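Residue strings, one per chain:
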Amino acid sequence: MDRRRFLSTLGLGAAGLIMPNFAQAEVLKRANENPKIKPISGSWFEFQHPGGKEGVYWDGDLRKFTAAQWREKIREISETGMEYLVLMNVAAHGKAFYDTELAPKFIMGCDDPLEVVLSAADEFGVKFFVSNDFWGSDLDAVKTMTDKALAKIRNKSMEEIYEKYGHHKSFYGWYFPNESWLDPYFGDFVIPYVNECAQVAKSLNANCVNLIAPYNIRKEKCDDTFVKQLEQLNVEIVAYQDGVGVGVTRIEDSARYYEHLAQAHQKAGRSRIWADMELFYFEQTTHGSLISADFDTRIIHQMEAISPFVDKILVYQYLGIMNKPHSLAPAGMRDESVRLYNQYMSWYKKQNFK
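Residues numbered from 1 in each chain as written. Predicted model: local features only at pLDDT ≥ 70, side-chain atom pairs only at ≥ 80, totals over all residues. Heavy atoms only, no water.

(A) Examining the nonpolar core more closely. Within the largest apolar cluster, 122 residues are counted, with the highest numbers of intra-cluster contacts made by Phe 45, Trp 70 and Met 303. Setting aside its immediate chain neighbours within four residues, Met 303 contacts Ile 37, Lys 38, Pro 39, Ile 40, Met 277, Phe 295, Ile 313, Tyr 344 and Trp 347. (Core = buried A, V, L, I, M, F, W, Y, C linked by side-chain atoms within 4.5 Å. Buried < 20%, exposed > 50% of the residue type's maximum accessible area, 1.4 Å probe, protein only. Contact = heavy atoms within 4.5 Å.)

Structure follows, in structure tokens:
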């Protein structure tokens, strides 16, 4: 289920937990063959949530962030060992987060948050995948991927953004955020959309690394038809959403889905497979605001499930869902987000990651 379009069914329940005996029995037959659990390598990142009520607990905080607080937040994230940030959007609700004639400017506590976070990422060794959307009036992914007028705006924005910010060493590549889904294959319009975005990106910087994040992995059918689609997809990284937070994927099934997807990517020999793992649950079970899930009873098992089959685990998302204790740039519900931060960092520090 596409969390960016904010549709959900089959929620995990108000507690956002899993069955108590989950990890002891049949969970992750494949993961047991490779017990080393990968750490979280990066996170999605946003200036404002692009729609719905999901970001209500952190949008107000982010809107008020000063330049110093944005810098502090990048530093804070880098301390967790995360290396990558994926900027969700450069526009939202009909307004842009940088100076452009394409849309009015979104008024924030910081005049140019994109410049500030990229400068901070330069300083702290973080790599950014920069978004090229959401310029449309809604979050209709099909419309955005097929509308030629929106494509012109999107392509123009990429030129503007790269001219303004492309000098940053942290500008690692692009994220194409109008996410596709498996049913069981990509729709016919997906590959042309991705490849057009990639063509513009490569014209600006031939060495950029580009990423997409499809959803609905429970419908995967990794046969020759899907492998052929992957062969045609001109993108370096495909980070599949695990779907656990929105409640459409059971953790005990996710290892099988990622195993199949990894096999398809190996056959295609084109793009790398990463994970887009969800750290949240819905406050109202299947909808509403996003709340931090528990690391010990759920998230560690998500990581265990997918680690053998992906190169990197990214998450949705640090902002609003995790906060360092006594952070100078807090965002979201304090108690839950600090708890999750402490749980993850306690586990992370016990590992021997290099």
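Once you've had a look at it, read on.
(B) Up close: helix α3 (residues 67-78). Taking 1.5 Å per residue as the helical rise, α3 with its 12 residues ought to reach 16 Å, and the 17 Å between its terminal C-alpha atoms agrees with that figure. For α3, the complete set of buried residues consists of Trp 70, Glu 72, Lys 73, Ile 74, Glu 76, Ile 77 and Ser 78. (Helix = DSSP H or I, 4+ residues; strand = E, 2+ residues; numbered from the N terminus. Expected span 1.5 Å × (residues − 1).)

(C) A look at the pairing of strand β2 (residues 84-87). With burial as the criterion, each face of β2 is covered, one bearing Tyr 84 and Val 86 and the other bearing Leu 85 and Leu 87. With four bridges connecting them, strand β1 (residues 40-45) and β2 associate as parallel partners. Each residue of the ladder has a partner; that of Gly 42, found in β2, is Tyr 84. The pairing of β2 with strand β5 (residues 127-131) spans three bridges and is classified as parallel. (Pairing = 2+ DSSP bridges.)

(D) Spotlight on the sheet that holds strand β7 (residues 209-212). Reading around the barrel, the eight strands line up as β1-β2-β5-β6-β7-β8-β9-β12 and close back on themselves, with parallel pairing between neighbours. Ignoring which end each strand starts from, the neighbouring axes of this sheet average 30° apart. Direction of pairing for β5 relative to strand β6 (residues 171-175): parallel, over a ladder of four bridges. Residue pairing in the sheet places Ser 131 in a bridge with Tyr 175 of β6. Helix α9 (residues 251-268) contacts β8 (237-241) and β9 (272-278) of the sheet and is inclined by roughly 155° relative to β9. Strand contacts of helix α10 (residues 295-306): β1, β9 and β12 (313-316), with the helix running at about 165° to β9, the strand carrying the most contacts. (Axes fitted to C-alpha atoms, helices over the stretch in contact; angles between N-to-C directions.)

(E) Examining the packing of aromatic side chains more closely. Here the structure, examined in full by the defined rule, presents 29 aromatic pairs. Aromatic ring contacts, followed pair by pair, group Phe 45, Phe 47, Phe 65, Trp 70, Phe 97, Phe 106 and Phe 128 into a single cluster. Here Lys 127 stacks its cationic end above the ring of Tyr 172, 5.9 Å away from the centre of that ring. (Phe/Tyr/Trp six-rings, centres within 6.5 Å; stacked < 30°, edge-to-face > 60°. Lys NZ or Arg CZ within 6 Å of the ring centre and 35° of its normal.)

(F) Quick look at the packing of helix α8 (residues 224-232) against α9. Two elements in contact, α8 and α9, have axes separated by 9 Å at closest approach and are oriented at 55°. In terms of orientation, α8 lies oblique with respect to α9. With respect to the hand of their crossing, α8 and α9 are arranged in right-handed fashion. In contact with Phe 226, Val 227, Leu 230 and Glu 231 of α8, α9 contributes Leu 261, Ala 264, His 265, Lys 267 and Ala 268. Residues belonging to the contact of α8 with α9 are distributed by class as follows: six nonpolar, one polar and two charged. (Parallel < 35°, antiparallel > 145°, perpendicular 65-115°, else oblique. Left-handed = near helix turned anticlockwise from the far one by under 90°. Nonpolar A, V, L, I, M, F, W, Y, C, P; charged D, E, K, R; others polar.)

(G) Fine view of the side chain of Ser 271. With respect to the element layout, Ser 271 can be found in the loop between α9 and β9. Setting aside its immediate chain neighbours within four residues, Ser 271 contacts Val 235, Glu 236, Ile 237, Val 238 and His 265.

(H) Up close: the confidence of the model for the protein chain. Summary statistics for the protein chain give a mean pLDDT of 90 and a share of 90% for residues scoring 70 or more. The low-confidence segment residues 4-34, where pLDDT is below 50, has 78 contacts with residues more than four positions distant or belonging to other chains. (pLDDT = per-residue confidence, 0-100.)

(I) Geometry of the pattern of salt bridges. Inspection of the entire model under this criterion finds 16 salt bridges. Residue Asp 111 is joined to Lys 105 by a salt bridge in which the shortest nitrogen-to-oxygen separation is 3.1 Å. Exposure remark for Asp 111: the relative accessible area of 58% places this residue in the exposed category. The salt bridge involving Arg 250 is made with Glu 252; its shortest N-O contact spans 3.7 Å. In this structure, a network of salt bridges that share partners links the residues Glu 72, Arg 75, Glu 79 and Lys 324. (Salt bridge = Lys/Arg side-chain N within 4 Å of Asp/Glu carboxyl O.)

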